[in-house]
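Below, each chain spelled out in residue letters.
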Amino acid sequence: MLGSFSLIKNMFQVLLWASCLFIIITPVLPMALDPCSAYISLNEPWRNTDHQLKEDDGQPACDSHVDGEWYRFTGMAGDAMPTFCIHENHCGTHAPIWLNGNHPQEVDGIVQRQACASFNGNCCLWNNTVEVKACPGGYYVYHLTKPSVCFHAYCGHFYDICDVVDCHGTCSNPECMCSEGTILGPDQQTCLDENECEKNNGGCSEICVNLKNSYRCECGVGRVLGSDGKTCEDIQGCQNKNGGCSHSCRGYGTTYQCECPRGLVLSEDNHTCQVPMRCQSNAIEVNIPKDLVGGLEIFLTNTSCRGVSNGTHINIYFSLKTCGTVVDVVNDKIIASNLVTGLPKQMPGSNGDIIIRTSKLLIPVTCEFPRLYTISEGYVPNLRNSPLEIIGRSQGIFPFTLEIFKDNEFEEPYRETLPTLKLRDLLYFGIEPLVHVNGLETLVESCFATPTDKIDEILKHYLIRDGCVSDDSVKQYTSRDHLTKHFQVPVFKFVGKDHQVVFLHCRVLVCGVLDEQSRCAQGCNRRMRREARKDQGTHLQNRLLTSGPIIIDRED
């Protein structure tokens, strides 16, 4: 009996120990905090829409420290973000950021809205996506992202209180009324601006701009509003608003052309003059005519990056990784942006500048690169292989290469000679960017092999399709960054004695690494519609890189 008791006691101790062990290794997941009670206050008085930037205010504000947290506008900053266009040089900065959309109701939960930065007469020259939530206390919190360039800052605004309609004792709940162009907020007291542009684009045929308690229609470059104030018509001749030209308009009757002052060039819209600039795969070069910047110090967002004079121009050359350059993904483009700023020199320069012709110069610099790339490669690149250069809509290039490596370390590609691989060998290949930029990632949407260098070859074998491995023998390796992709597959050849070579073709998509809704974040998607993939590529200009081939040794 005593032995049985000891056995039971030992079993109980084992069970107790196992139970304790189970409790120790069970993870406890932290509860997500409600942003309505976990936020950072933005209360600086200069954020308010009534604060206009003046010359003696010093350096404009820049929200470079605002990055991915929840915020609430309080104190002298205002009650909430304005939902109408704010003119430049307000809210303590050059390009104030406003909310392009109505505030949500409490029942809507967290919603996404577009945030626009106003500059140079354009109410939405830059934009990004923020999140907004209406809280039970009648206020709003915002999940704000870091602005793409300086000088940008988020605006706050004091909204009007509604007028209480006196019902002279005939009603138990007096009605609260808001003026035309505003709607009652969730606190049942504040009158928020109504964004008329959210409804049928305000009736505008092209561009609708929301204003305080109102809105207006605008037209694209080279077009003007008709008599109805909503429909856009083509400009006929220089006599009508200077032909839509930013500078000079030359012509007679309905035939005209826009011209630029010496040192400036006409942009792609054929109406706007801009400074000459060149987008390279890893850098941006800007050439500003000296006539525009005499007596000014020229620098970028990072003020240590400054312009250098060559006698006729001020040249600025900077990398996509430095000088405060921001690289982001917007729709079907990769966009690199910076801001060239010119401020008066404290003392005359060595190049003879003794006068200034303007008190301040601000030039937004933007390079656009396509997101989608098609690259082709033989099993082995030959010695004539060059980087793939894809021309963006205006001037950008962003290069990828398809490399064949000697082993699974993926450090040494074949360069000097064309190797001969046997059918029992392993083939190591990878997508390599020539420029490694933070904040971007790639998805290899498809990779297929053909017996010739023709991408439209009927005979083809898919290794990857719709982001999914379609050949079970393909193995993907963990890469050193989000842009590089490395793979392994057994060497193969196409059936037929005439097919002794193999070419690979890969389609690569670039996305923002933090965009959880992007195609890259979706990864393998076998249900991706072919029509959607076609639409995604119609806006891009692709140049095909082809090289190889490799000889397959069958050891017959």
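Analysis parameters
Residues numbered from 1 in each chain as written. Predicted model: local features only at pLDDT ≥ 70, side-chain atom pairs only at ≥ 80, totals over all residues. Heavy atoms only, no water. 1 Å grid on protein atoms, 1.4 Å probe; cavity = no way out; pocket = protein on both sides within 12 Å on 5 of 7 lines; lining within 4 Å. Points joined across faces, edges and corners; volume = space filled by probe spheres on them. Helix = DSSP H or I, 4+ residues; strand = E, 2+ residues; numbered from the N terminus. Contact = heavy atoms within 4.5 Å. Core = buried A, V, L, I, M, F, W, Y, C linked by side-chain atoms within 4.5 Å. Buried < 20%, exposed > 50% of the residue type's maximum accessible area, 1.4 Å probe, protein only. Domains from an automatic or database assignment. Pairing = 2+ DSSP bridges. Axes fitted to C-alpha atoms, helices over the stretch in contact; angles between N-to-C directions.

**Looking at empty space enclosed by the protein**
- A full pass over the atoms with the stated rule returns one cavity of 30 Å³ or more.
- Empty space within the largest cavity amounts to approximately 70 Å³.
- Looking at the largest cavity, the residues that line it are Phe84, His157, Tyr159, Asp160, Thr182, Cys191, Leu192, Asp193, Lys212 and Asn213.

**Brief notes about the environment of leucine 426**
- Looking at the element boundaries, leucine 426 is found in strand β32 (residues 426-433).
- Each C-alpha atom, one on leucine 426 and one on phenylalanine 492, is 9.2 Å from the other, the two residues being 66 residues apart in sequence.
- Residues in contact with leucine 426, not counting those within four places in the same chain, are Gln488, Val489, Pro490 and Val491.

**With respect to the nonpolar core**
- Grouped together as the largest cluster of nonpolar side chains are 55 residues, with contacts concentrated most on Ile298, Phe429 and Leu463.
- Split by domain, the residues of this core number at least three in each of domain 3 (275-345 + 359-370) and domain 4 (400-523 + 543-552).
- Among all residues touching isoleucine 298, those that are not within four sequence positions of it are Ile288, Val293, Cys305, Arg306, Gly307, Ile314, Ile316, Val340, Thr341, Gly342 and Leu361.
- Counting 39 residues, the second-largest nonpolar core is a separate cluster that includes Ala117, Tyr142, Phe151 and Leu192.

**A word on the sheet that holds strand β1 (residues 40-42)**
- On the basis of which strands lie adjacent, the open sheet formed by seven strands has the order β1-β2-β6-β5-β4-β3-β7 and mixed pairing. Single-partner strands in this sheet number two, and they are β1 and β7 (152-154). Strand-to-strand twist across the sheet, computed as the mean angle between neighbouring axes with direction ignored, equals 40°.
- Pairing of strand β4 (residues 110-119) with strand β5 (residues 122-134), which is carried by nine bridges, proceeds in the antiparallel orientation. Bridge pairing in β5 links glutamine 112 to glutamate 131.

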